[in-house]
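# Structural characterization, general
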Amino acid sequence: MTPSVEATIEQARQTRQLNADLIGRRLRRGERVSAEVLYDTLHAHTLAGWWLLVERHIQRSQNPSPEKTVARFVSWISPYQDDDSSACSTAPGCGSQGPRCGRESAVAHFARALTLIRQDAARTFVEHVTTLAPASCAEQEEAEA
């Protein structure tokens, strides 16, 4: 069975919450947070953020057509799939800065990681859209009325 827009939004919301709960538990316990946990949490957060914007747009629209709304968001989000705006850059010369060099380098790498997470989330968003069930005839007629 193919998912609906509403089911996809709910799944994104639940996945984001599960990942947030996991990272929260680990931080409260003082456990190490792995790169995989950070990646999954940030990916889920990005994806859910987009789906929740779709939901809000559908709810607030005077003529809510889920297909048109999703198509609009696909056109806005798709460019992120190929976004390379923060290509790997080296941190400024370390010289005698000592610990600042480590921080600057980590920030540069983290910025690149966030770009890669956003790219993957955009791919996932577009993949989810291709699996959505088309609206029923009644829903389409209501949206067009």
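Refer to the structure presented above.
## Overview of helix H2 (residues 35–60)
With 26 residues, H2 extends 37 Å between its outermost C-alpha atoms, agreeing within 8% with the 38 Å of an ideal straight helix rising 1.5 Å per residue. Within the span of H2, buried status applies to Val37, Thr41, His43, Ala44, Leu47, Ala48, Trp50, Trp51, Leu52, Val54 and Ile58.

## What about helix H1 (residues 5–28)?
Relative to the 34 Å expected for 24 residues at 1.5 Å per residue, H1 spans 34 Å between its end C-alpha atoms, a close match to the ideal helical length. When we look at burial in H1, the residues that qualify are Val5, Thr8, Ile9, Ala12, Asn19, Ile23 and Gly24. Phi turns positive one or two residues past the end of H1, at Gly30, with a value near 75°.

## Quick word on the packing of H2 against helix H3 (residues 66–77)
Packing of H2 against H3 leaves a shortest axis separation of 10 Å and a crossing angle of 140°. The orientation of H2 relative to H3 falls into the category oblique. Along this stretch, H2 crosses H3, giving a crossing that reads as right-handed. Here Trp50, Trp51, Leu53, Val54, His57 and Ile58 of H2 lie close against H3, whose contacting residues are Pro66, Thr69, Val70, Arg72, Phe73 and Ile77. Residue composition of the contact of H2 with H3, by class: nine nonpolar, two polar and one charged.

## A short note on the packing of aromatic side chains
Here the structure, examined in full by the defined rule, presents four aromatic pairs. Between the aromatic rings of Trp50 and Phe125, the centroid separation amounts to 6.2 Å while the plane-to-plane angle is 85°, which identifies the pairing as edge-to-face. One end of the pair, Trp50, is in helix H2; the other, Phe125, is in helix H4 (residues 99–130), with 75 residues separating them in the sequence. Owing to a relative accessible area of 11%, Trp50 belongs among the buried residues under this scheme. Owing to a relative accessible area of 0%, Phe125 belongs among the buried residues under this scheme.

## Observations regarding the side chain of Gln119
Within the secondary structure layout, Gln119 lies in helix H4. What makes Gln119 buried here is its relative accessible area of 8%. Discounting residues that sit within four places of it in the chain, Gln119 has contacts with Tyr80, Gln81, Asp82, Asp83 and Asp84.

## Here's the deal with the nonpolar core
By size, the foremost hydrophobic cluster in this structure holds 18 residues, and its most contacted members are Val5, Trp50, Trp51, Val54, Val70 and Phe125. When residues of this core are traced back to their parent elements, those giving at least two are H1, H2, H3 and H4. In this structure, Trp51 is in contact with Val5, Thr8, Ile9, Ala12, Val70, Phe125, His128, Val129 and Leu132, ignoring residues within four places of it in sequence.

## Section: the pattern of salt bridges
According to the stated counting rule, one finds three salt bridges in the structure shown. Residues Glu10 and Arg13 are paired through a salt bridge, measuring 2.9 Å at the closest nitrogen-oxygen approach. Taken together, the residues Glu10 and Arg13, both in helix H1 and three residues apart, mark about one turn of the helix. Taking relative accessible area as the criterion, Arg13 reaches 28% and is therefore assigned partly exposed. The closest approach of N and O atoms between Arg13 and Glu55, which form a salt bridge, is 2.6 Å. Taken together, the positions of Arg13 in helix H1 and Glu55 in helix H2 put the pair 42 residues apart, joining distant regions of the chain. With relative accessibility at 21%, the residue Glu55 sits in the partly exposed group.

Criteria and thresholds
Residues numbered from 1 in each chain as written. Predicted model: local features only at pLDDT ≥ 70, side-chain atom pairs only at ≥ 80, totals over all residues. Heavy atoms only, no water. Helix = DSSP H or I, 4+ residues; strand = E, 2+ residues; numbered from the N terminus. Expected span 1.5 Å × (residues − 1). Buried < 20%, exposed > 50% of the residue type's maximum accessible area, 1.4 Å probe, protein only. Axes fitted to C-alpha atoms, helices over the stretch in contact; angles between N-to-C directions. Parallel < 35°, antiparallel > 145°, perpendicular 65-115°, else oblique. Left-handed = near helix turned anticlockwise from the far one by under 90°. Contact = heavy atoms within 4.5 Å. Nonpolar A, V, L, I, M, F, W, Y, C, P; charged D, E, K, R; others polar. Phe/Tyr/Trp six-rings, centres within 6.5 Å; stacked < 30°, edge-to-face > 60°. Core = buried A, V, L, I, M, F, W, Y, C linked by side-chain atoms within 4.5 Å. Salt bridge = Lys/Arg side-chain N within 4 Å of Asp/Glu carboxyl O.

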